[in-house]
Amino acid sequence: MKVVLQAIIGSFSLHVIYVVVVMLVGYIRTKNYKPDVKSAWDKVETLQNEIEFVSVTPSHFYVLSFLGVSVICGIVILSYEKLMN
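Position numbers for residues start from 1 in each chain and track the written sequence from start to end. This being a predicted model, a pLDDT of at least 70 is required before a residue's local features are given, and a value of 80 or more before pairs of side-chain atoms are given or counted; all residues contribute to the totals for chains, interfaces and linings. To obtain the side-chain values, all non-hydrogen atoms of the structure were used and water was disregarded.

### Re the overall build of the protein
Next up, step 1: Helix and strand assignments come from DSSP, with helices taken as H or I runs of at least 4 residues and strands as E runs of at least 2, each series counted from the N terminus. If you tally the helices and strands in the protein, you get 3 helices and 0 strands.
Next up, step 2: Listing each helix as α and each strand as β along the protein from the N terminus yields α-α-α.
Next up, step 3: Against the 2.2 N^0.38 benchmark of 12 Å for 85 residues, the protein shows a C-alpha radius of gyration of 22 Å, more extended than a compact globule.
Next up, step 4: For the protein, the spread of C-alpha atoms along the three principal axes comes to 70 × 25 × 15 Å.
Next up, step 5: The buried share of the protein, reckoned over its 85 residues, is 8%.
Next up, step 6: Averaging the locations of the 7 positively and 6 negatively charged side chains of the protein gives two centres separated by 16 Å. Our radius of gyration is a C-alpha quantity, and the globule rule it is checked against amounts to 2.2 Å times the number of residues to the power 0.38. Partly exposed describes any residue whose relative accessible area lies between the buried limit of under 20% and the exposed limit of over 50%, with all areas from a 1.4 Å probe on protein chains only and scaled to the type maximum. Lys and Arg are tallied as positive, Asp and Glu as negative. Neither His nor the chain termini are counted. To locate a charge, take atom NZ for lysine, CZ for arginine, CG for aspartate or CD for glutamate.

Here is the structure:
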């Protein structure tokens, strides 16, 4: 039971780190963005009047991702314990 709890905590930690890193990269890219107005003016096109939402990640993907990473963490923890004994 201890390994299962450690694997869940490891999976949760990895997912939190992933989300924080993605948000940090997005923030840095947004802060450093400098539009090139001169070259954009030469490429003027008609703007679209419709918005299209292409894809949304299904909610079961996150559950499967969490479970998969938990299994991988559990395997790593068990392998580490066997190597140390």
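### Examining the side chain of Ser-70
Next up, step 1: Residue placement: Ser-70 occurs in helix 3 (residues 59–84).
Next up, step 2: Apart from the residues within four sequence positions on either side, Ser-70 is in contact with Ala-7, Ile-8 and Ser-11. In this analysis, two residues are considered to be in contact whenever any of their non-hydrogen atoms come within 4.5 Å of each other.

### Observations regarding the packing of helix 1 (residues 2–31) against helix 3
Next up, step 1: Put simply, helix 1 and helix 3 touch, their axes get as near as 8 Å, and they point 125° apart. In terms of orientation, helix 1 and helix 3 fall into the oblique class. Here helix 1 runs over helix 3; the crossing is right-handed. Contacts from Val-3, Gln-6, Ala-7, Ile-8, Gly-10, Ser-11, Phe-12, Leu-14 and His-15 in helix 1 reach Ser-65, Phe-66, Val-69, Ser-70, Cys-73, Gly-74, Ile-77, Leu-78 and Glu-81 in helix 3.
Next up, step 2: For the contact of helix 1 with helix 3, the class distribution of residues is 10 nonpolar, 7 polar and 1 charged. The convention used is that axes are lines fitted to C-alpha atoms, helices contributing only their stretch in contact, and that angles between N-to-C directions extend from 0 to 180 degrees. With respect to orientation, any angle under 35 degrees is reported as roughly parallel, any angle over 145 as roughly antiparallel, any angle of 65 to 115 as roughly perpendicular, and every other angle as oblique. Two helices crossing with the near one rotated counterclockwise from the far one by less than a right angle form a left-handed crossing, whereas a clockwise rotation gives a right-handed crossing. Only Asp, Glu, Lys and Arg are considered charged in this grouping, and only Ala, Val, Leu, Ile, Met, Phe, Trp, Tyr, Cys and Pro are considered nonpolar; every other residue, Gly among them, is considered polar.

Interpretation note: all reported values are geometric properties and have no functional meaning in isolation.
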